[in-house]
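# Understanding the architecture of this molecule
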Amino acid sequence: MKITGVETFLVPPRWLFCRVATDEGIIGWGEPVVEGRAETVRAAVHTLAEYLVGQDPLRVEDHWQVMAKGGFYRGGPVLSSALAGLDQALWDIAGKAYDAPVHMLLGGPVRSRVRMYAWVGGDEPAQLADGIAARLEAGFTAVKMNAGGRAAPLGTAADVREVVGRVALARDLLGPGRDVAVDFHGRFTAAGARRILPLIAEYHPLFAEEPVLPDRPHVLRDVVTASSVPIATGERLYSRWDFRPVLEAGVAVVQPDLSHAGGISETRRIAALAEVWDAYLAPHCPLGPLALAASLQVAFATPNFLIQEHSIGIHYHQGDDLLGYVLDPEVFRFTGGHASRPTGPGLGVEIDEDAVRRADKSGHAWRNPVWRHDDGGFAEW
Ligand SMILES: [Mg+2]
């Protein structure tokens, strides 16, 4: 079997899909994207495709090595995300060629269902309460929310009280048998996080995410030891080498994104590395159907897996949903807050190619919001 071509599709709300064709008619799909930089990743995918076309698609690991390292310059969000989507597509082809879901090629399932968490948005307590009620109604046993909005480097007592109040309200609504995770988005600084974390510890969050920005793992240990709250990070880390310092700093949960951190191949290795530090895998995934399908394949085959994110109903994506690009939305029907084991070959999801080609005609130009502090200075989003 030989790869005959690679196409890319820029689809709303903010995603990029790739389609890898072969001379035997097997098609592999992947999702190579950095949110807000989709066109940049698209260019990188087509550069890597120059190498892939004409190759045997079943040599997934060898292609990973060449695509990751063969350009001399390596890593970072753009190159690692381009690689990630193509790696997903090659695993999709392999699964279809062997007529098996990818998790069977990774050693078979190690669990019978996968726990999912759902986002709750809203900056007001009433919105938060409505969001949590809706997720409970849908059967979820865990939610994640932002700790707060735009944050001063060292917040006032009122700022801190607001964060603590949100976590307390969530705990009150969820009761002791469900979970709330809190995403700091790198907005609070290390010192700010050290002040907040001990105050939210009594509400037993599942984890606190990105308490500091990803480029400063050297301050993470102080944050980890500031409270009993488990610390999570990793949506802006791209390889096992990037994850080593945060694991050494003592994070409890690693969050590689299947579409950023080198795909299925590298996320498997990051999970194995995390196990050495007794850390668990909770892949980041506010993305589309292929990223989520790839995440679920890894979740079913990874012993130290904790919980999976998904974007259905997320506040970023009003009006567009990943279910609009699949022929078999049942794959993403969650029961009691859990995903069932996918049984279809490859990534286990059937892409609605007509819908994808239609969506690509209008494309998108999604960009991250740019926030400013009251004095006009740049603020973390
Ligand atoms: Mg996050």
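Being a predicted model, the structure only gives us computed values, none of them experimental. (Residues numbered from 1 in each chain as written. Predicted model: local features only at pLDDT ≥ 70, side-chain atom pairs only at ≥ 80, totals over all residues.)

### What to know about the overall build of the protein chain
What the protein chain contains, in helices and strands, is twelve helices and 14 strands. Computed over its C-alpha atoms, the radius of gyration of the protein chain comes to 20 Å, within 12% of the 21 Å expected for a compact globule of 381 residues. C-alpha atoms of the protein chain, sized along the principal axes, occupy 65 × 45 × 45 Å. Split into buried and exposed, the 381 residues of the protein chain put 50% on the buried side. (Helix = DSSP H or I, 4+ residues; strand = E, 2+ residues; numbered from the N terminus. Rg over C-alpha atoms; globule rule 2.2 N^0.38 Å. Buried ≥ 20, exposed ≤ 12 C-beta atoms within 10 Å, placed from the backbone.)

### Observations concerning the pairing of strand S2 (residues 15-22)
Pairing analysis gives eight bridges linking strand S1 (residues 3-11) to S2, with the strands arranged antiparallel. Each bridged residue has a counterpart across the sheet, and for Leu 10 the counterpart in S2 is Leu 16. Linking S1 to S2, which pair antiparallel, is a turn of three residues. Across four bridges, the pairing between S2 and strand S3 (residues 27-30) is antiparallel. By the bridge assignment, Val 20 is partnered in S3 with Gly 28. (Pairing = 2+ DSSP bridges.)

### Let's talk about unusual backbone geometry
Negative phi is the rule for most residues except glycine; trans is the rule for most peptide bonds. In this structure, Pro 13 follows Pro 12 across a cis peptide bond, with omega equal to 5°. Its place among the elements puts Pro 13 in the loop between S1 and S2. A positive phi angle, close to 70°, is found at Thr 189, a residue other than glycine. Structurally, Thr 189 can be placed in helix H7 (residues 189-200). One non-glycine residue, Asp 278, adopts positive backbone phi at about 65°.

### Structural notes on the UniProt feature "domain: Mandelate racemase/muconate lactonizing enzyme C-terminal" (unreviewed entry) in the protein chain
According to UniProt, the positions carrying the feature "domain: Mandelate racemase/muconate lactonizing enzyme C-terminal" (unreviewed entry) are residues 125-230. Secondary structure across residues 125-230 divides into 45% helix and 11% strand, with the first and last C-alpha atoms of the span separated by 24 Å. (UniProt positions renumbered as here; feature names shortened; annotations may be inferred.)

### Remarks on the pairing of strand S4 (residues 113-119)
Within S4, six of the seven residues are buried, which leaves it mostly tucked inside the rest of the structure. Strand direction decides the pairing type here: S4 and strand S12 (residues 338-340), joined by three bridges, are antiparallel. Within S12, the position partnered with Arg 113 by the bridge is Ser 340. Of the strand pairs in this sheet, S4 and strand S11 (residues 308-309) are connected by two bridges, and their pairing is parallel.

### Examining the domain arrangement of the protein chain
Domain parsing of the protein chain yields domain 1 (3-101) and domain 2 (103-345). Taken over C-alpha atoms, the centre of domain 1 sits 25 Å from the centre of domain 2. On the side of domain 2, 27 residues touch domain 1, which itself brings 33 residues to the contact. Elements that contribute at least two residues to the side of domain 1 that touches domain 2 include exactly S2, S3, helix H2 (60-69) and helix H3 (76-97). When the residues that make up the side of domain 1 that touches domain 2 are grouped by side-chain class, the tally is 20 nonpolar, eight polar and five charged. (Domains from an automatic or database assignment. Contact = placed C-beta atoms within 7 Å. Nonpolar A, V, L, I, M, F, W, Y, C, P; charged D, E, K, R; others polar.)

### Here's the deal with the packing of helix H6 (residues 157-174) against H7
Between H6 and H7, whose axes approach to 10 Å, the crossing angle comes to 35°. Our pair here, H6 against H7, has a crossing hand that is right-handed. Here Val 160, Val 163, Val 164 and Val 167 of H6 come into contact with H7, specifically with Arg 195, Ile 196, Leu 199 and Ile 200. Each residue belonging to the contact of H6 with H7 can be placed in one class, and the counts come to seven nonpolar, no polar and one charged. (Axes fitted to C-alpha atoms, helices over the stretch in contact; angles between N-to-C directions. Left-handed = near helix turned anticlockwise from the far one by under 90°.)

### Examining the nonpolar core
Judged by nonpolar contacts, the single largest core of 117 residues is most densely connected at Leu 86, Val 251 and Val 253. Structurally, this core is a two-domain feature, drawing no fewer than three residues from each of domain 1 (3-101) and domain 2 (103-345). With near-sequence residues (within four places) excluded, Val 251 lies in contact with Leu 220, Val 224, Ile 231, Ala 232, Thr 233, Val 246 and Ala 279. (Core = buried A, V, L, I, M, F, W, Y, C linked by C-beta atoms within 7 Å.)

### Thoughts on H3
For H3, which comprises 22 residues, the first-to-last C-alpha distance of 31 Å matches the rise-based estimate of 32 Å (1.5 Å per residue) to within 8%. Most of H3 sits inside the fold, with 19 of its 22 residues counted as buried. Immediately downstream of H3, the backbone of Asp 99 shows phi near 50°, a positive value. (Expected span 1.5 Å × (residues − 1).)

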